[in-house]
Amino acid sequence: MIAILPGFLWIFALLWSLGICAKCLVNGALRKKDDHRKVETLPWSIIIMQIVSMFLCCVPYGIYKLLRAQITGTIRHWYAMLGIPSAVILGILFVAELVLMYLQAKRAQRDIIDEVLSKRHHPKMN
């Protein structure tokens, strides 16, 4: 049972990262310029989730290092064989989170600027 813990934690980190990426996509990180729906600013919850994601991406490897002596040969060999590819996958997802968060924040900033400028150029008539 303890042998599957690093794998389970890796899958959890993967799903966590995919969730952050999906949330940024839903919030408008990759909307086209002609899409006039307002993009909300990046919420603090997503920023905190991204910091937690960094921690979660490292945990499976630390747990494997601690439990390596207790894991049987076949599973240990499997973990050792997949160590670098799995780290690359989580690294790519971590960078994707940062890029999507940046794109969402940039798009939200443009929407805020457009809103302020449109109010300035089209004042309400009393």
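Residues numbered from 1 in each chain as written. Predicted model: local features only at pLDDT ≥ 70, side-chain atom pairs only at ≥ 80, totals over all residues. Heavy atoms only, no water.

A closer look at the overall build of the protein chain
Stage number 1. From N to C terminus, the protein chain includes 3 helices and 0 strands.
Stage number 2. Element order for the protein chain, N to C, with α for helix and β for strand: α-α-α.
Stage number 3. Against the globule reference of 14 Å for 126 residues, the protein chain gives a C-alpha radius of gyration of 21 Å, more extended than a compact globule.
Stage number 4. Dimensions of the protein chain, computed from the C-alpha atoms along their principal axes, are close to 80 × 20 × 15 Å.
Stage number 5. Of the contacts made within the protein chain by residues no fewer than 6 positions apart, 85% connect residues no fewer than 24 positions apart. (Helix = DSSP H or I, 4+ residues; strand = E, 2+ residues; numbered from the N terminus. Rg over C-alpha atoms; globule rule 2.2 N^0.38 Å. Contact = heavy atoms within 4.5 Å.)

Let's talk about the layout of surface pockets
A probe as big as a water molecule, rolled over the atoms, marks out the empty space that is left.
Stage number 1. In this structure, the largest pocket spans a volume of roughly 270 Å³.
Stage number 2. Considering the residues around the largest pocket, the lining is formed by 14 residues, among which Trp10, Tyr61, Tyr79, Leu82 and Ser86 are closest to the centre.
Stage number 3. Mapped onto the lining of the largest pocket, the elements with two or more residues apiece are helix 1 (5-26), helix 2 (44-67) and helix 3 (73-121).
Stage number 4. With 7 residues, helix 3 is the single largest residue contributor to the lining of the largest pocket.
Stage number 5. Residues that form the lining of the largest pocket fall into these classes: 11 nonpolar, 3 polar and no charged.
Stage number 6. Of the pockets and cavities examined, the second largest pocket occupies roughly 230 Å³.
Stage number 7. Lining the second largest pocket are 10 residues, with Asp35, Arg107, Arg110, Asp111 and Asp114 sitting closest to its centre.
Stage number 8. Of the residues assigned to the lining of the second largest pocket, the class counts are no nonpolar, 1 polar and 9 charged. (1 Å grid on protein atoms, 1.4 Å probe; cavity = no way out; pocket = protein on both sides within 12 Å on 5 of 7 lines; lining within 4 Å. Points joined across faces, edges and corners; volume = space filled by probe spheres on them. Nonpolar A, V, L, I, M, F, W, Y, C, P; charged D, E, K, R; others polar.)

A short note on the pattern of salt bridges
Side chains carrying opposite charge are able to pair once their charged atoms draw close together.
Stage number 1. Tallied over the full model, the rule gives 1 salt bridge.
Stage number 2. Across the pair Asp111 and Arg107 runs a salt bridge whose closest N-O atoms are separated by 3.6 Å. Residue Asp111 and its partner Arg107 are both found in helix 3; the two are separated by 4 residues, about one turn of the helix. Residues Asp111 and Arg107 agree in their burial class; the two are buried. (Salt bridge = Lys/Arg side-chain N within 4 Å of Asp/Glu carboxyl O. Buried < 20%, exposed > 50% of the residue type's maximum accessible area, 1.4 Å probe, protein only.)

What about the packing of helix 1 against helix 3?
Stage number 1. Where helix 1 meets helix 3, the closest approach of the two axes is 9 Å, and the angle between their N-to-C directions is 20 degrees. Taken as axis vectors, helix 1 and helix 3 run roughly parallel relative to one another. Relative to helix 3, the crossing made by helix 1 is left-handed. Seen from helix 1, the contacting residues are Leu5, Pro6, Gly7, Trp10, Ala13, Leu14, Ser17, Leu18, Ile20, Cys21, Cys24 and Leu25; seen from helix 3, they are Tyr79, Ser86, Ile89, Leu90, Leu93, Ala96, Glu97, Leu100, Met101 and Gln104.
Stage number 2. Taken together, the residues of the contact of helix 1 with helix 3 break down into 17 nonpolar, 4 polar and 1 charged. (Axes fitted to C-alpha atoms, helices over the stretch in contact; angles between N-to-C directions. Parallel < 35°, antiparallel > 145°, perpendicular 65-115°, else oblique. Left-handed = near helix turned anticlockwise from the far one by under 90°.)

From the geometry alone we can't say anything about function, so treat these as descriptive.
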